[in-house]
Structure formats: structure tokens, C-alpha cells
Amino acid sequence: MAEGRRSSSTPRARGAAFPRGAAASQGAALPRRAALAALAAVALAACGRRAPAAQGGARVVSLSPSTTEAVFAIGAGASLVGRSRHCDHPPEVLRLPSVGGYADPSIEAIIALSPTLVVGARGPAGPALEEALRGHGIATCFPETESLAQIEEMLAELGRRLDATPGAERAIARIRARRQEVEQAVKGRPRVRVALLFDTSPIFAAGPGSFADELIRLAGGENAIARGGAYPSISVEHLLALDPDVLLDGTAGADGAEQPGAQGSPRLAVLRDAPGWRSLRAVREGRVRPLRTDAVLRPGPRIGDGLAEVARALHGDALSLSDAAAAPGDGGAGLVPPSPAGAP
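Rules and cut-offs
- Residues numbered from 1 in each chain as written.
- Predicted model: local features only at pLDDT ≥ 70, side-chain atom pairs only at ≥ 80, totals over all residues.
- Heavy atoms only, no water.
- Helix = DSSP H or I, 4+ residues; strand = E, 2+ residues; numbered from the N terminus.
- Buried < 20%, exposed > 50% of the residue type's maximum accessible area, 1.4 Å probe, protein only.
- Core = buried A, V, L, I, M, F, W, Y, C linked by side-chain atoms within 4.5 Å.
- Contact = heavy atoms within 4.5 Å.
- Phe/Tyr/Trp six-rings, centres within 6.5 Å; stacked < 30°, edge-to-face > 60°.
- pLDDT = per-residue confidence, 0-100.
- Salt bridge = Lys/Arg side-chain N within 4 Å of Asp/Glu carboxyl O.
- Pairing = 2+ DSSP bridges.
- Axes fitted to C-alpha atoms, helices over the stretch in contact; angles between N-to-C directions.
- Expected span 1.5 Å × (residues − 1).

*Asks:* Explain the overall build of the protein to me, please; I cannot follow it from the model alone.
*Replies:* Across its full length, the protein holds 12 helices and 10 strands. Counting every position in the protein, which comprises 344 residues, the buried fraction comes to 52%.

In C-alpha cells, the structure reads:
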């Protein structure tokens, strides 16, 4: 959700993928194997409109932080030749040229890099961007990532497209192991009623159908935001009426975020004495918990660590969880982009 930062006033521009309500409800009703097969079909529909990248060597441009991290996590970071200005992890990606923001990528800058594949989370540029790229013979992959299952399928699809299936399987295994660890750690604990806020001007929160809503549930919480869509805008008065036990502060990095790697201060710390905010029970009683990693806000390969961070925020640092493992990149090879098209 915080992927694209504040390119526009909507959560969509910060990296959130709009949920497909009907598809989500149908998937929940299917057996697990059938649901995963359905997700694979969705991913193929989103990613299979062109043949896979040429065997001469993939050249990938990633337009969202989550897909940039995914390409590295599966061991294909050397294929990246361009990124969005919001992509900042792992740090070596900052050496790559930027092709613009999440909501406003430059088609000309993308084409100049001669990519064989452009990847990204579904976003505000929408079908027009995909159509423009396909018109230039460039393959695209913009999968849905509004659940852990969809995030796993995104990794699997990138593994297929970039000849990195073993790396994708390892990345998926890490997510599943982290999820199992968290679920075991919170088992039997009282559920905590919580609201996760992404921004404050206006207030945007994690709602039903978002991957963050799933994180809250798996971490032993109950989302106080039960309606209004995946990323509803709400008023302080509405938040007062909901009266959550805990506020999760996901606003860090919202300021000055046009610079890659920029980190702001959690906004709720500044607003604790503001009218309305100071009346919130969670604020009065000191239960505003800043999220200390952007892994919570990016639907990518570090989402298991994001889940652990939410669990710690809800239940305390004493929760029995291992420290986050370093996400592997390219086996220590680092970033070695392919030569420009036509170069010797």
C-alpha cells in the first residue's frame, strides 16, 4: 500500500492493488487447491499477454517496490535494467535508472531501456499503460497482490517468466514458514481490535479485502475497519466511533518520499495532541504502535516479516518470534544489469 508513496491523493498511487471483490469471495469458497489454480489463471491472464522474455537475456523494468524486491528475492536481480523512483530495496537497486513514479511512469524512459518485460503491481496507470507497452512489443506482468496467496503466485509467475523457479519456490517457502511461526506464536492470545492507518491527510486505512487486513487477522487481530473497501478514507469522527484498542501507524515515509529511500516520521506521533486525535482511547492510553519496517506495507517477498512486525505491534516485543532473516538476492552476486541492447 505504501509502495508508491504520495504520487497522488489515493492509496492506489502508493502501491495498493484494488481487490476484485467477486473473485475474492469466490476464491474463499473454493478448496485450497482449486483456489490456487484460480489464482494462477488470474496471474497468467495478467502476465501472459505476450510470449516470455527472449532467451537472449531478460531485460526487466519494475514499476513498483514489491515487484522489484520480488525479482531480487527469486535470484533474478541481474535482469533489472530500470525501476520506479520509489524502489529502494535492496539498496543496490538505487544504481538503476528511474523511469518515473508508480502512478506516472514515462513510457519514453521505459522504451529507451529496451526491456523484454515490464512488471509492477496493479496501479493507477491501469490498462492504458499495458496497452501502450504491448504496442511496442514489450511483455507485461501486473498481477494482483491483495492476499498472501496472490503474493505467492506473483513470485511463482516471475520465477516462470525469468527462469528462476527454484528461487521463487524458496521465496514462497520463506513466507509460509514465517506465517506458520507467527500463527503458532499468537495462538490462544486474545484478539486485539486494531486500525492500521496509512495516511492522515486524509485518513486512509486498511480495510476488508486488502493484504494488510489479512496480516491483521493472521497476527491475532481484529480489523476495526470492517467496511468501505480495501483502502477506505475515513474521518477522525468515524475513527472515534470505531474506538480501536490499538492504532498501527503506517505513515512513516509518507513525507519527502519522492526521494528513493527517504524516511519520514510517523505522523500519528505529531498528531497525538491534535483535536479529535487526542480523544482516541488508543492515543490517550499510549497504544499507538509505529510499524518499524516497510515490509508491512509492501505486498512482496518480505511480507512474512511484515506479518511478524504486525504481530509484535499487537502483542508486544516479547512475542516468541525469530528475527527477520536477510532476504537473499542473487546469491551474493549483486546487481549486474545486462548490457544495453545492441552493445557488444
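There's more to say after this.
*Asks:* So what exactly am I meant to see when it comes to the nonpolar core here?
*Replies:* With 57 residues, the main nonpolar core has Leu196 and Leu248 as its most contacted residues. Setting aside residues up to four positions removed in sequence, Leu196 forms contacts with Phe204, Ala205, Ala206, Ala212, Ile216, Leu248, Leu291 and Val296. In terms of nonpolar packing, the next biggest core, distinct from the first, is built from 17 residues, Ile203, Leu239, Trp277 and Ala282 among them.

*Asks:* Would you mind showing me how to read the packing of aromatic side chains here?
*Replies:* Ring pairs (aromatic) are described by centroid distance and by the angle formed between their planes. Inspection of the entire model under this criterion finds one aromatic pair. Seen in terms of ring centroids, Phe198 and Tyr231 are 5.7 Å apart; in terms of plane orientation they differ by 55°. Their pairing is tilted. Note that Phe198 is positioned in strand S5 (residues 192–200) and Tyr231 in the loop between strand S7 (221–223) and strand S8 (233–234), a separation of 33 residues in sequence. The two residues Phe198 and Tyr231 agree in class, both being buried.

*Asks:* I tried to follow the confidence of the model for the protein on my own but got confused; where do I start?
*Replies:* A low pLDDT means the predicted coordinates there should not be read in detail. Mean pLDDT for the protein: 79, with 71% of residues reaching 70 or above. Note on residues 48–55: pLDDT is under 50 here. Beyond four places in sequence and across chains, it has 16 contacts. Residue range residues 253–264 is modelled with pLDDT below 50. Its contacts to residues more than four positions away, or to other chains, number 27 contacts.

*Asks:* Where do I start with unusual backbone geometry in this structure?
*Replies:* With an omega dihedral of -5°, the bond running from His89 to Pro90 counts as a cis peptide bond. Considering the arrangement of structural elements, one finds Pro90 in the loop between strand S2 (80–83) and helix H4 (107–112). Residue Pro202 is reached from Ser201 by a cis peptide bond, and omega for that bond is 0°. By the element assignment, Pro202 lies in the loop between S5 and strand S6 (203–205). Of note in this structure, Ser114 is not a glycine but carries a positive phi near 50°. The topology assignment puts Ser114 in the loop between H4 and strand S3 (117–119). At Asp243, a position not held by glycine, the phi torsion is positive, near 50°. Within the secondary structure, Asp243 is located in the loop between helix H9 (236–242) and strand S9 (246–249). According to the relative accessible area criterion, Asp243 is partly exposed, its value standing at 31%.

*Asks:* Hey, could you run me through the pattern of salt bridges in this one?
*Replies:* Where charged atoms from two side chains of opposite charge come close, those side chains can pair. Taken as a whole and judged by the stated rule, the model has 18 salt bridges. We note a salt bridge from Arg160 to Glu153, for which the minimum N-O separation is 2.5 Å. Classification of Arg160 by relative accessible area gives partly exposed; the value is 43%. For Glu153, a relative accessible area of 12% corresponds to the buried category. Salt bridges linked by common partners bring Glu69, Asp88, Asp294, Arg298 and Arg302 together as one network.

*Asks:* Looking at this model, I keep getting lost on the sheet that holds S3. Mind explaining?
*Replies:* Sheet strands line up and pair through hydrogen bonds in the backbone, either parallel or antiparallel. If you walk across this open sheet you meet the four strands as S2-S1-S3-S4, and the pairing is parallel. Edge strands, defined here as strands with exactly one partner in the open sheet, are S2 and strand S4 (139–141). Taken over all neighbouring pairs, the strand axes of this sheet differ in orientation by 20° on average, direction set aside. Running at roughly 165° to S2, helix H3 (residues 65–73) makes contact with strand S1 (60–62), S2 and S3 of the sheet. Seen against the sheet, helix H6 (residues 148–161) touches S3 and S4 and runs at an angle of roughly 160° to S4.

*Asks:* Even after reading the chapter, I still don't get the pairing of S5, so can you show me in this structure?
*Replies:* Put simply, side chains in a regular strand alternate between the two faces of the sheet. Counting buried positions along S5 gives eight out of nine residues, so the element sits mostly inside the fold. In this structure, S5 lies alongside S9, joined through four bridges in parallel fashion. Bridge pairing in S9 links Ala195 to Leu247. Both S5 and S6 contribute to a ladder of three bridges, which runs antiparallel. Following the sheet pairing, Thr200 is matched in S6 by Ile203. From the end of S5 to the start of S6, which pair antiparallel, there are two residues.

*Asks:* Teacher, can you tell me more about the environment of Leu271 here?
*Replies:* You can see Leu271 is positioned in helix H10 (residues 267–271). Under the relative-accessibility criterion, Leu271 is labelled partly exposed at 21%. Along the primary structure Leu271 and Val283 are separated by 12 residues, whereas in three dimensions their C-alpha atoms are 9.5 Å apart. Non-local contacts of Leu271, meaning those with residues more than four positions away in its chain, are made with Thr200 and Trp277.

*Asks:* Please clarify how helix H12 (residues 303–315) should be interpreted in this entry.
*Replies:* Residues spaced three or four apart along an α-helix point in a common direction, a consequence of the helix completing one turn every 3.6 residues. The end-to-end C-alpha distance of H12, which contains 13 residues, comes to 18 Å, matching closely the 18 Å that a straight helix rising 1.5 Å per residue would cover. The element H12 is largely enclosed, with a buried count of 13 among its 13 residues. Gly316 sits one or two residues past H12 and shows a positive phi near 105°.

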